[in-house]
Amino acid sequence: MSKMKKNSHYYFAGILLAACLSTGLGAVGCKKTKKKITPVCDGTNATYNNTVKSIVNSSCASCHSNYSSYSGLSTITSNGQFAQHVLTNQDMPKGSSLTSDQLNKIQCWANNGYPQ
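Keep in mind it's a predicted model, so treat the numbers as computed, not measured.

Enquirer: Help me understand helix α4 (residues 81–88) in this model?
Expert: Count 3.6 residues to each turn of an α-helix, and residues three or four apart come out pointing the same way. The complete set of buried residues in α4 reads Phe82, Ala83, Val86 and Leu87. Down the axis of α4, the sector holding all buried residues measures 90 degrees, keeping them to one side. Buried positions along α4 lie against α3 (70–78) and α5 (100–111).

In structure tokens:
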């Protein structure tokens, strides 16, 4: 194989690798995908104090100390970030996951308008 032809193979291989990495395809084999649960409210009249406080304190407050109170959560519940991260993306808590029972209780709390 000529030197020019050999170099062009490396060039195109490099472009292909760069394209795969920039689109995320290069990480497909390395990244674990977590199966998401679809939270469903079972009709529980969930409030922060009777249902959600214990979940937040055991799963969230160690990293987000300001969430250890109802008022501390009010900003992220009112702007939709709580529901987005916990119920939809299910990317919180980091390095762990909530059980389907916990997610269902939180879904009821969200459905009820996040009452205290």
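Enquirer: Where do I start with the layout of surface pockets in this structure?
Expert: If a probe as big as a water molecule is rolled over the atoms, it shows which places are left empty. The space that makes up the largest pocket amounts to roughly 230 Å³. What lines the largest pocket is a set of 14 residues, and nearest its centre among them are Cys60, His64, Tyr67, Val86 and Met92. If one sorts the elements of the lining of the largest pocket by residue count, α4 sits on top with four residues. Looking at the lining of the largest pocket residue by residue, the classes come out as eight nonpolar, five polar and one charged.

Enquirer: What is the right way to look at the environment of Asn79 in this model?
Expert: As for its placement among the helices and strands, Asn79 is situated in the loop between α3 and α4. The partly exposed category is assigned to Asn79, whose relative accessible area is 42%. Reaching out from Asn79, the side chain makes a polar contact with the backbone nitrogen of Gln81 at a distance of 2.9 Å.

Enquirer: Explain the state of the cysteines to me, please; I cannot follow it from the model alone.
Expert: Note: disulfide means a covalent bond formed between the sulfur atoms of two cysteine side chains. Taken as a whole and assessed by the stated rule, the structure comprises one disulfide. A sulfur-sulfur distance of 2.1 Å marks the disulfide that ties Cys41 to Cys108. Classification of the bridge connecting Cys41 and Cys108 rests on its S-S torsion, roughly 110 degrees, and on that basis the disulfide is right-handed. Of this pair, Cys41 sits in the loop between α1 (3–23) and α2 (48–59) while Cys108 sits in helix α5, placing them 67 residues apart in sequence. Between Cys60, a cysteine without a disulfide, and Cys63, which holds the nearest cysteine sulfur, the sulfur-to-sulfur distance is 8.8 Å. Given the relative accessible area of 15%, Cys60 is considered buried. Judged by relative accessible area, Cys63 falls into the exposed class, the value being 67%.

Enquirer: Any chance you could explain the side chain of Thr47 here in plain terms?
Expert: Its location among the elements puts Thr47 in the loop between α1 and α2. Overall, the relative accessible area of 17% leaves Thr47 in the buried class. Within the structure, Thr47 has its side chain in polar contact with the side chain of Asn50 (distance 2.9 Å). For Thr47, the residues in contact, after removing those within four places along its chain, are Val52, Trp109, Pro115 and Gln116.

What counts, and at which threshold
- Residues numbered from 1 in each chain as written.
- Predicted model: local features only at pLDDT ≥ 70, side-chain atom pairs only at ≥ 80, totals over all residues.
- Heavy atoms only, no water.
- Buried < 20%, exposed > 50% of the residue type's maximum accessible area, 1.4 Å probe, protein only.
- Helix = DSSP H or I, 4+ residues; strand = E, 2+ residues; numbered from the N terminus.
- Arc of directions from axis to C-beta.
- Contact = heavy atoms within 4.5 Å.
- 1 Å grid on protein atoms, 1.4 Å probe; cavity = no way out; pocket = protein on both sides within 12 Å on 5 of 7 lines; lining within 4 Å.
- Points joined across faces, edges and corners; volume = space filled by probe spheres on them.
- Nonpolar A, V, L, I, M, F, W, Y, C, P; charged D, E, K, R; others polar.
- Polar contact = N/O pair within 3.5 Å; in protein donor to acceptor, adjacent residues only side chain to side chain.
- Disulfide = S-S within 2.5 Å.

Scope: geometric values only; no functional claims are made or implied.
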